[in-house]
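# Coordinate analysis (summary)
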Number of protein chains: 4
Amino acid sequence: MSAGKLTGAVVAEHNSKDSCWIIVHGKAYDVTEFLPEHPGGQKIILKYAGKDATEEFEPIHPPDTLDKFLDPSKHLGAVDMATVEQEEKAFDPEEAERQERISRMPHLEACYNLLDFEVVARQVMKKTAWAYYSSGADDEITMRENHAAFHKIWFRPRILVDVEHIDMTTTMLGTKCSIPFYVTATALGKLGHPEGEVVLTKAAHEHNVVQMIPTLASCSLDEIIDAKQGDQVQWLQLYVNKDREITRKIVEHAEERGCKGLFITVDAPQLGRREKDMRSKFSDPGSNVQSGGDDIDRTQGAARAISSFIDPGLSWKDIPWFKSITRMPIVLKGVQCVEDVLRAVEAGCDGVVLSNHGGRQLETARSGIEVLAEVMPALRERGWENRIEVYVDGGVRRATDILKALCLGARGIGIGRPFLYAMSAYGLDGVNRAMQLLKDEMEMNMRLIGAPTVADLSPSLLDTRGLLGGHSGVVPSDTLGLSAYDPLQVPRFNEKPKL
Amino acid sequence: MSAGKLTGAVVAEHNSKDSCWIIVHGKAYDVTEFLPEHPGGQKIILKYAGKDATEEFEPIHPPDTLDKFLDPSKHLGAVDMATVEQEEKAFDPEEAERQERISRMPHLEACYNLLDFEVVARQVMKKTAWAYYSSGADDEITMRENHAAFHKIWFRPRILVDVEHIDMTTTMLGTKCSIPFYVTATALGKLGHPEGEVVLTKAAHEHNVVQMIPTLASCSLDEIIDAKQGDQVQWLQLYVNKDREITRKIVEHAEERGCKGLFITVDAPQLGRREKDMRSKFSDPGSNVQSGGDDIDRTQGAARAISSFIDPGLSWKDIPWFKSITRMPIVLKGVQCVEDVLRAVEAGCDGVVLSNHGGRQLETARSGIEVLAEVMPALRERGWENRIEVYVDGGVRRATDILKALCLGARGIGIGRPFLYAMSAYGLDGVNRAMQLLKDEMEMNMRLIGAPTVADLSPSLLDTRGLLGGHSGVVPSDTLGLSAYDPLQVPRFNEKPKL
Amino acid sequence: MSAGKLTGAVVAEHNSKDSCWIIVHGKAYDVTEFLPEHPGGQKIILKYAGKDATEEFEPIHPPDTLDKFLDPSKHLGAVDMATVEQEEKAFDPEEAERQERISRMPHLEACYNLLDFEVVARQVMKKTAWAYYSSGADDEITMRENHAAFHKIWFRPRILVDVEHIDMTTTMLGTKCSIPFYVTATALGKLGHPEGEVVLTKAAHEHNVVQMIPTLASCSLDEIIDAKQGDQVQWLQLYVNKDREITRKIVEHAEERGCKGLFITVDAPQLGRREKDMRSKFSDPGSNVQSGGDDIDRTQGAARAISSFIDPGLSWKDIPWFKSITRMPIVLKGVQCVEDVLRAVEAGCDGVVLSNHGGRQLETARSGIEVLAEVMPALRERGWENRIEVYVDGGVRRATDILKALCLGARGIGIGRPFLYAMSAYGLDGVNRAMQLLKDEMEMNMRLIGAPTVADLSPSLLDTRGLLGGHSGVVPSDTLGLSAYDPLQVPRFNEKPKL
Amino acid sequence: MSAGKLTGAVVAEHNSKDSCWIIVHGKAYDVTEFLPEHPGGQKIILKYAGKDATEEFEPIHPPDTLDKFLDPSKHLGAVDMATVEQEEKAFDPEEAERQERISRMPHLEACYNLLDFEVVARQVMKKTAWAYYSSGADDEITMRENHAAFHKIWFRPRILVDVEHIDMTTTMLGTKCSIPFYVTATALGKLGHPEGEVVLTKAAHEHNVVQMIPTLASCSLDEIIDAKQGDQVQWLQLYVNKDREITRKIVEHAEERGCKGLFITVDAPQLGRREKDMRSKFSDPGSNVQSGGDDIDRTQGAARAISSFIDPGLSWKDIPWFKSITRMPIVLKGVQCVEDVLRAVEAGCDGVVLSNHGGRQLETARSGIEVLAEVMPALRERGWENRIEVYVDGGVRRATDILKALCLGARGIGIGRPFLYAMSAYGLDGVNRAMQLLKDEMEMNMRLIGAPTVADLSPSLLDTRGLLGGHSGVVPSDTLGLSAYDPLQVPRFNEKPKL
């Protein structure tokens, strides 16, 4: 036994609701009093009561979580890990099959487009991680619409334009970017890759694009900022806490550390129900399915718990306060109709992101690209098109998607899941290749459209009649998209017992 | 032999058209004279001539049926059941497979939405019961359209609204409800669950929603009313009998026992042809398929027989009479175009249900939600929107469906089959979970739409352009709906004889 | 050897182009000189040179064909069939499988609708017969559209109409009919049933509907007329011959024998290419596929040959001549746009059939029901709606289809293939059941629409917005229709040789 | 060893970047200095360094390539092929299966339409050749749309027109043609057939249609011109070289040799990314997939390399120069919106081809037929419809497609891939049959439409409402087209190792 360290046996005694200790990264913590406050419910903690919880803890919590949320008095100090009983993991045939698939992964160069990464990721990611990233609200209609909506818009290219030199640079919130997309905020990066969001930071630097840092990152805010290089630019995505002082601290800290934009999420007063994600957790071999009833209801439990962080009372009245605490440009992320864009202008916001949160929140919410087609004419009619920067995210998989948004009037386009998939399957190389593919596509397509610079992109290059029909039209079948999509599952009957 | 009881042998002698006795719940009845009047045809009775018919009789007839429709002189008294020969049931491989599936049913908590119950019910219900509940008219286009139509309508949510407190209560025909749906009337509840409609009564109480009692229930009207608790509210659904005195008695009795609304079905002067249902009966192992020709034609037989109960002559002229016999509010159930809604207002009706009877009557009849979009502007134009309460039913599976109807102007939404499926698969627990899931979805979606109360729901929150195209559009593919749908079958060739 | 009869051996000597005799129904014919004139090409005759051709001849030619088209000098007299060598038929596994399927055919009562007959017929008909009946032009898009177009039209039913008594009778060209459909002309009835078109004659009598007699019947015109009973009414469908005297004789003969309407086919100056039909003949085991090149080109051969009968020069100038040779009402069958309907009125025609010939002629020709929606408003605008009777055919499978056409303004609806399928699968009983099913559906649906008589059917009962989108919409998927449809095949590679 | 010839051993010594010799058609060449300039990248050449490259070289390069592009000093002279070591080819199971399929090919007469050739070609062509011909840009949505767009247009045929004599001849750029289609330019004909483009030259002569000669042919320009017979007419398709003198020489040479039209490609400033093509090369058994990273990036490599030939700086300013160097009519190939057609008129061009390059360049570019519907009314409005000839290509598979384009106002229709497929599967016989099938279809359909001459074709014969909805509609499912289409593939995992 190492001097001054706790033994595994001592920790193991505290294995109940009445006294619950857990080990994380070699240190013990008394979380007994914290149990009822845990946003993810107490059951998941109790599963590790008296044990080492590091593997489960790691991807879900930034490393500074325990320091921030648990009183120092509950930090019990180092544990002699040699004395901690190693639980033998049951053989998991699913995991074995996954490892076998990983051994046969396609070469990175066999990925020719962003959808290819999704196909590979689906096969090589852990099932629960895949479910978290890939799931959408309800029937995932909105999530699929996000990509499909781009196929309602077709090009009217111009010929005989000198397109020898293509310049795809642009400026977003004052930052010069090599290409008009940015890495949008997505949660829990360590589910896909052990290094988490800093992988995206490195790729963003490599390709000279902006990264938006998520509130719910696996890495801490500082870790992500520490990873930036040179004059690389980052923005902060913000879920607003009921306790405004916590929010104030985060915003001020981000600004001090150089963040150049504040993107306030306004489409998630409550986090959406994502049944693919819920179902993947349900059949987790670790959960006792048959006796599920003795727990709190999972359905509302998760939703309500997370609501305790995010303030559903956030409203237009809060905007002046944000303007008072930061000099960063303020952008509302998740605006979904023209009325609210106009109001954002009047409220003095610097930008909006037209987004339905990747189809993860409200089902049958319109896609950002469709809302953009509604918004820009209204802004131009009022002469307001330069009073606010309009961004779009959701469903972007091709440079043609980006070009359509730019032609309609977007300043920049956020891309999230595709980079997560590339990262999960191939790490930094994957993200770099994904970004390079977009650049190659972009250069070629600007040539083919007859628009050598971003400024040449205009609505006259598009045929948008396909947007007029509302939502009872269909778009051309999208072979790769259909291959990549993981359809929702219905409840599974138990296995037939083997004879 | 028990004193004064009939023996099985005596009953068994009356096994023909000329003298036909049957046993139900331990009592014998002489139904010889009743044979030609039986709405379901005489063949099904003759199958049990001289035998115990309880199992077949039970789900189709309320317990007071024989008292009501058979003269007391035909009630022959108790039978000594020990003397009744037990027919040995042939081994039914389909039933054995069903029992096996029941043994492997998914845990109730694995049902995350109303479609999940449908998937489970399809596997665990008796084939004929499933066919009766799930079938629709002709090609079942209308039935499928009912759900699909909701996907033509998309949301235009508002952000930065304080949605901390969500109030989803509303008032229907003067009754305060916890959420704006009601349990609509559906026939033959005991096909799905041995206790029948009272299961729904209990769940309606638990969740504080109104139950509409069906005329064609398996339980008697009194049984269903007896099952209500506290100040629980029920309505009466009415098929109007050619003999108006019978109708008058039912209405007056329902009112005396506290029913608070009279919903007169106006879309079923004749019951529809439902081929899935017909085909499921055809291949009933008990029927002699090959010699089917010696019977009356099943097709028109069933349709015409049931017409003998329901008055196809019911017309607008009858409305004043209904107003004269009851003080309950009068609601026309099954209205299908704006012209008839306006006429209902003029006739002094208190409400209408826009409905195509769950797609079970007229094929290619429009969905209630589509008719609602036609009706409300016409009412508002005349300033009549408060002179009548407009309800909708058909195809509702998600809280977003409910919200779309409310935004358009519906007062409340009827839900039928989903609760039957939940009841058939999981009993009362299933119905309770189904209702709770709707409440959870409702609360979340009101937050995401930015409408904290029912009064905040308005047409400006919707994009209804998808409804303009008539019916040659399509809606996004609905993975779960497609999984749950049981497609129509074509005639089956006989099995190849085994060698 | 019977006295005065030819022996098989003698006939067998004439087995070449230079001298070609064939036996039909026990008589020998010298067809040497006729070979080049045979509309179906000479190859098929030469296959039977010197042999008994009855089985091949029978379904394709009315019994009076040889009398009509072959000079009496070529009629060689009776053959002693006992001396004719019986060719042993090679074992045909496809035919054996068909016979096996026939042995397991579903009971007639398991057919609940017209599509069910199609499903059964597809399995039990000879492949070439099925291909001839079921095929359409090119990609069969038009053929499928014909049925699908009805699903673009939805009902707006009326409630609280007294529908106790339903009267579905109507009058067509002065004839009272029990229901507003007629049996339209279809060729080669003996392909499906050994008795041919007279089966339809009998069913038409049974159900009191009109039969239209085809020019290209397997039975002779007189046989079909002889089969009529009582005051049964028949019409004549006419392909106009280049030799107008032949046409004159047919028309005059039909009128003398009581035909009450002359339907001149105007949509087939050349018979369409039907690739399913062509392909089915190609793989006929009797044809030598590998040496196909030594024959005339099949493709243009068939098309051009049949053109030799039908006059592609037929034009509006001929109409007065038709009016001069008959007092039967003259109806143009195959009109496809409003301009030509107006011209037909001006030309003094009594009626038009809006039809694309069952989708067998021009690909992407519009369906009759769509053209009807274009035609009737134009007629009403001019006050001409009573100057001409407008009929529709193509794709009708349900009484709701009939009702939609009647609501739009059609006088009657022609039904062809469904009765052929019912006849081919189940003979007269099949056709009778098919017609009865339509009547049952019709009665029920008139109740459900709230229209007790044909006169009550009007455009206000329909929602026809689905027709406005041209042809880039889709209609609800039609489960049974998809089951019944036999998709086109691509060229088949030869079988792998067995080891 | 033959006198004066190089030995294989000597050549084999030059097998590296530093000294790279290759053998083509029995002669050795020193390509060391040419390596960096090779448009296809140096890797493919180095694979054959020191070896015989004829098989790989042949289909990609016209025979005069080495003479044109390699300095005479690098032509090393004849090699004694007997001394060249024959590389034993590894057994290729894919190739063996292909040969087996070829042995079972359907008889040519079993191809009844142009799609049938595509189905056969897909099975019998080499995988990489098939991929090159059949691939399109990105998700191949545009490529599929090209054919589908024709199904949005339906006919409004006229009846009772005298159609005995059909005249389908027309005039294109002053040349009388037997039918209004021409063989459009397609690259690399020897991939499909060892004789290459001259096969098409022969068929074009046989059927009296114009052939457009491609810049990127496998045969040399002179070979193709040498193959023409009689007064056969050819046009020249031109990719404009950055070095205008090279372009001038080609144009002048073509004119001298009798070409009658100059079609300047304007839709390909950079060649498109075709992922099916790229993927087919990737899994080429000859490439070392696992170590792919040591090469230049394939993706941008190919695209950029080919850009070095074609001038992305080509612009409207160049048109006067073209007019100065040739008297051939000048036609812009690849115009995609009405604005550019009007500009072409103003620039004095003689024609335009509305085309998206067979869906191989810009994804979601509109089909030629759709652009035609936009263009012709604008030309007629200005009275310019006779100032320019308008051609269309892309997706044509049926004579009805041709007729639709002619009705809208096209002068002629280009057909490319279908003839390549017919040639690849069946050689000259295949192309001849393909053209004859189109003629047969054309004659029949002009009869059925009621238009005996090309001049009778007008917009009033069409219903084009299906084009109005933009691109969110769908067209009828196209059974053969779906059978023929080779869907895109996602990355393949490596094979599981065999035990």
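Residues numbered from 1 in each chain as written. Chains lettered and ligands numbered in written order. Predicted model: local features only at pLDDT ≥ 70, side-chain atom pairs only at ≥ 80, totals over all residues. Heavy atoms only, no water.

### Some details on the relation of the copies chain B and chain C
Laying chain B over chain C is done by rotating through 90 degrees and shifting 0.0 Å along the axis; what remains is an RMSD of 0.0 Å. These values place the two chain copies in the arrangement generated by a four-fold rotation axis. A share of only 3% of the interface residues of chain B reappears at the interface of chain C, consistent with the copies meeting through non-equivalent patches. (Least-squares fit on C-alpha atoms with pLDDT ≥ 70 in both. Contact = heavy atoms within 4.5 Å.)

### Some remarks on the domain arrangement of chain A
Residues and elements named next belong to chain A. Considered domain by domain, chain A is made up of domain 1 (8-83) and domain 2 (114-274 + 305-467). The distance between the C-alpha centroids of domain 1 and domain 2 comes to 35 Å. Of the residues lining the interface, 10 residues belong to domain 1; the matching set on domain 2 comes to 12 residues. Both sides together, the interface formed by domain 1 and domain 2 hides about 840 Å², and carbon and sulfur atoms give 64% of it. At the junction of domain 1 and domain 2, the tally comes to one salt bridge. (Domains from an automatic or database assignment. Buried area = accessible area lost by both parts, 1.4 Å probe. Salt bridge = Lys/Arg side-chain N within 4 Å of Asp/Glu carboxyl O.)

### Some words on the environment of V31 of chain D
Residue and element names in this part refer to chain D. Looking at the secondary structure, you find V31 in the loop between β2 (27-30) and α2 (43-46). Given a relative accessible area of 3%, V31 falls into the buried group. Considering only alpha carbons, one finds V31 and L66, 35 residues apart in sequence, at a separation of 9.9 Å. Setting aside anything within four residues of it in sequence, one finds V31 in contact with C20, I22, I45 and L70. (Helix = DSSP H or I, 4+ residues; strand = E, 2+ residues; numbered from the N terminus. Buried < 20%, exposed > 50% of the residue type's maximum accessible area, 1.4 Å probe, protein only.)

### Side note on the interface of chain B and chain C
Taken together, the contact pairs 69 residues of chain B with 57 residues of chain C. Roughly 5400 Å² of surface becomes buried between chain B and chain C when both sides are summed, with 57% attributable to carbon and sulfur atoms. A salt bridge links R366 of chain B to D463 of chain C; the shortest N-O distance between them is 3.8 Å. Run the count over chain B and chain C and you get 19 residue pairs in polar contact (both at pLDDT 80 or more). Within the residue set of the side of chain B that touches chain C, elements represented by two or more residues are α8 (141-148), α12 (275-282), α13 (298-307), β12 (330-335), α15 (338-346) and α16 (368-382) of chain B. (Polar contact = N/O pair within 3.5 Å; in protein donor to acceptor, adjacent residues only side chain to side chain.)

### A look at the environment of S315 of chain D
Its place among the elements puts S315 of chain D in the loop between α13 (298-307) and α14 (319-325). A relative accessible area of 10% means that S315 of chain D is categorised as buried. C-alpha of S315 of chain D to C-alpha of K202 of chain D: the two residues are 113 residues apart in sequence and 35 Å apart in space. Leave out the neighbours within four places in its chain, and S315 of chain D touches L160, V161 and D162 of chain A.

### Re the relation of the copies chain C and chain D
Placing chain C over chain D gives an RMSD of 0.0 Å and needs a rotation angle of 90 degrees, together with 0.0 Å of translation along the axis. With a heterologous cut-off of 20% or less, the 3% of interface residues of chain C that recur at the interface of chain D puts this contact in the heterologous class.

### Overview of the interface of chain C and chain D
With 71 residues of chain C at the contact, the number on the chain D side is 57 residues. Surface buried jointly by chain C and chain D totals about 5400 Å² across both partners, of which 57% is contributed by carbon and sulfur atoms. Here chain C is connected to chain D by 11 salt bridges. Residues E164 of chain D and K242 of chain C are paired through a salt bridge, measuring 3.9 Å at the closest nitrogen-oxygen approach. On the surface where chain C and chain D come into contact, there are 19 residue pairs in polar contact (both at pLDDT 80 or more). The set of elements that each furnish at least two residues to the side of chain C that touches chain D consists of α8 (141-148), α12 (275-282), α13 (298-307), β11 (330-335), α15 (338-346) and α16 (368-381) of chain C. Per-class residue counts for the side of chain C that touches chain D are 28 nonpolar, 21 polar and 22 charged. (Nonpolar A, V, L, I, M, F, W, Y, C, P; charged D, E, K, R; others polar.)

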